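Inside the fold
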2 protein chains.
Amino acid sequence: MKKEFTINDILSFNDRYRATFINSIGGFKSVALIGTKSKDMGSNLAVFNSLFHIGANPPLIGFVIRPNSVERHTLRNILETGEFTLNHLNENIYKQAHQTAARYPKQISEFDATHLTEEYKAGFPAPFVKESHIKLGASFVQKIEIQENGTILIISKIKYVELPSNCLGTDGFVDIEQAGSITCSGLDSYHSTNKIARLSYPKVNSIAAEI
Amino acid sequence: MKKEFTINDILSFNDRYRATFINSIGGFKSVALIGTKSKDMGSNLAVFNSLFHIGANPPLIGFVIRPNSVERHTLRNILETGEFTLNHLNENIYKQAHQTAARYPKQISEFDATHLTEEYKAGFPAPFVKESHIKLGASFVQKIEIQENGTILIISKIKYVELPSNCLGTDGFVDIEQAGSITCSGLDSYHSTNKIARLSYPKVNSIAAEI
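So, a few notes on the structure that sits alongside this text. What you are looking at is a predicted structure, and each value in this text was computed from that prediction instead of being measured. (Residues numbered from 1 in each chain as written. Chains lettered and ligands numbered in written order. Predicted model: local features only at pLDDT ≥ 70, side-chain atom pairs only at ≥ 80, totals over all residues. Heavy atoms only, no water.)

**Regarding the overall build of chain A**
When you go through chain A residue by residue, the secondary structure sums to five helices and 12 strands. Oriented by its inertia axes, the alpha-carbon framework of chain A measures out at about 60 × 50 × 30 Å. Relative to its 211 residues, chain A shows a buried fraction of 62%. Of the roughly 8100 Å² that chain A leaves accessible, carbon and sulfur atoms contribute 49%. Distance from the positive charge centre (22 side chains) to the negative charge centre (21 side chains) of chain A: 2 Å. (Helix = DSSP H or I, 4+ residues; strand = E, 2+ residues; numbered from the N terminus. Buried < 20%, exposed > 50% of the residue type's maximum accessible area, 1.4 Å probe, protein only. Areas by Shrake-Rupley, 256 points an atom, 1.4 Å probe, with all protein chains shown as cover. Lys, Arg positive; Asp, Glu negative; His and termini not counted. Charge placed at Lys NZ, Arg CZ, Asp CG, Glu CD.)

**Digging into the interface of chain A and chain B**
Residue-level contacts link 107 residues of chain A with 107 residues of chain B. Where chain A abuts chain B, roughly 9400 Å² becomes buried across the two surfaces, and 61% of that area is made up of carbon and sulfur atoms. Seen at the junction of chain A and chain B, the total is six salt bridges. Between Arg198(A) and Asp188(B) there is a salt bridge whose closest N-O contact spans 2.8 Å. For the pair chain A and chain B, the number of links is 42 residue pairs in polar contact (both at pLDDT 80 or more). In terms of residues, the side of chain A that touches chain B owes the most to one element, helix 2 (residues 15-25) of chain A, which gives 11 residues. Partitioned by chemical class, the residues of the side of chain A that touches chain B number 51 nonpolar, 32 polar and 24 charged. Bridge analysis of strand 1 (residues 2-6) of chain A against strand 10 (residues 152-164) of chain B gives five bridges, and the strand direction is antiparallel. (Contact = heavy atoms within 4.5 Å. Buried area = accessible area lost by both parts, 1.4 Å probe. Salt bridge = Lys/Arg side-chain N within 4 Å of Asp/Glu carboxyl O. Polar contact = N/O pair within 3.5 Å; in protein donor to acceptor, adjacent residues only side chain to side chain. Nonpolar A, V, L, I, M, F, W, Y, C, P; charged D, E, K, R; others polar. Pairing = 2+ DSSP bridges.)

**Digging into the relation of the copies chain A and chain B**
When chain A is fitted to chain B, the residual RMSD is 0.0 Å, and the transformation amounts to a turn of 180 degrees plus an axial shift of 0.0 Å. Classification of the inter-copy transformation places it as that of a two-fold axis. Relative to the rotation axis, the C-alpha of Thr193(A) is the closest in chain A, positioned 2.1 Å from it. A high fraction, 100%, of the interface residues of chain A reappear at the interface in chain B, so the copies pair face to face through one surface. (Least-squares fit on C-alpha atoms with pLDDT ≥ 70 in both.)

**Some points on the packing of aromatic side chains**
Residues and elements named next belong to chain B. This model, assessed by the stated rule, comprises 21 aromatic pairs over all chains. Ring centres of Phe124 and Tyr160 lie 6.5 Å apart, and the angle between their planes is 50 degrees; on these two criteria the pair is classed as tilted. In this pair, Phe124 sits in the loop between strand 7 (118-119) and strand 8 (128-129) while Tyr160 sits in strand 10, placing the two residues 36 residues apart along the sequence. The same class applies to Phe124 and to Tyr160, which are both buried. With a centroid separation of 5.5 Å and 65 degrees between ring planes, the pair formed by Phe128 and Tyr160 is classed as edge-to-face. Of this pair, Phe128 sits in strand 8 while Tyr160 sits in strand 10, and the two are 32 residues apart along the sequence. Exposure remark for Tyr160: the relative accessible area of 3% places this residue in the buried category. (Phe/Tyr/Trp six-rings, centres within 6.5 Å; stacked < 30°, edge-to-face > 60°.)

**So, helix 3 (residues 72-81) of chain B**
For helix 3 of chain B, every residue scored as buried is listed here: His73(B), Thr74(B), Leu75(B), Asn77(B) and Ile78(B). Looking at the buried side of helix 3 of chain B, the elements it contacts are strand 2 (32-37), strand 3 (43-48), strand 5 (59-65), strand 6 (83-88), strand 9 (135-145) and strand 10 of chain B.

**Section: the pairing of strand 5 (residues 59-65) of chain A**
Side-chain direction in a regular strand flips from residue to residue, so the side chains alternate between the two faces of the sheet. Residues and elements named next belong to chain A. In terms of residue burial, strand 5 counts as a mostly covered element, since seven of its seven residues are buried. Burial of strand 5 is two-sided: the residues Pro59, Ile61, Phe63 and Ile65 facing one way and the residues Leu60, Gly62 and Val64 facing the other way are all buried. Here strand 4 (residues 52-56) pairs with strand 5 via four bridges, running antiparallel. Bridge pairing links Phe52 to Gly62 in strand 5. Pairing between strand 5 and strand 10 (residues 152-164): six bridges, direction antiparallel. Bridging across to strand 10, Ile61 finds its partner in Ser156.

Scope: geometric values only; no functional claims are made or implied.
As structure tokens, then:
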């Protein structure tokens, strides 16, 4: 049995139901902890599930921030210092990662509140998450405001990557499943993955095959 | 053992290696087939793995297009007609979905080339993919060019949703895992999922728990 919803159905949902519904229908999402430092050196950590690949050369990644939410501390810190970290979630830390979305006041670091460990390296002023297996350092490139709803797209350049050496293939593929990275759906559902297959480069005169 | 890469390491990779590497380090991604129709009524289907949630009210979704790739047909059609469909992948159609990325000439529909079935409904001029289990109809809102690499962000409004009725929870959560939707990593790796847990709304004075 199928169920259909028109735009009028969707707009008639109550706010919480609509947020839950719309957040889950786009598909599984990239989820990561963003670590930042404020100008007065306080650390901040927040979970984001709207990361997207923009390009490889230069290496660019984007994500969405709602400026009126707990995410405002992350936004302010990125604009103040220009740098931040992206840390993959795994099964050992997803509950703590989710908990960083609680409305902690500015003077409380989510690292302390959730018992995740700050790690500093590679000259980055922003904190990495020690318990994460894949960690990226990035710097701010551009801020784009979406007029329709006031959210902000942050475009950033990847400047540093750390990963388990046994997860890197000879062709540059990083096996994030082997690294234990997980995905999420909606606002609060976390999922591990099972590789189905990698497929060959698609060409007009042959059918993509498993590699 | 960990491996570290600086921006200079990343820029020194060859192009194919860098594309494979950077595409996989951001995390698991939303992947969907975008169906469009040109002004002269030819249909087009292309796989995209850069979809991201922007907001629920109004329901907005974004994705990235590289205008110099096979994706240019999708871009042209969306700008010409203003409407398109988003269709989740599942294990039965992921090979065909991947194959839509081959460089078929404009006069060949990827539906024909990959034996996926066009489906028209809900007044949408653009084709849905019959074999997909979760289908969205969307209309164009805004086009944003990213100066750094010439890619284009398409911002769009969700106007129609179809899903299996047994996948919709009482709180609006759509269980896309139960619907058979899959995720991807990098340019060519497809993965099914295993739910770990849904977690309660995070609050400062309690720890997020399974719901």
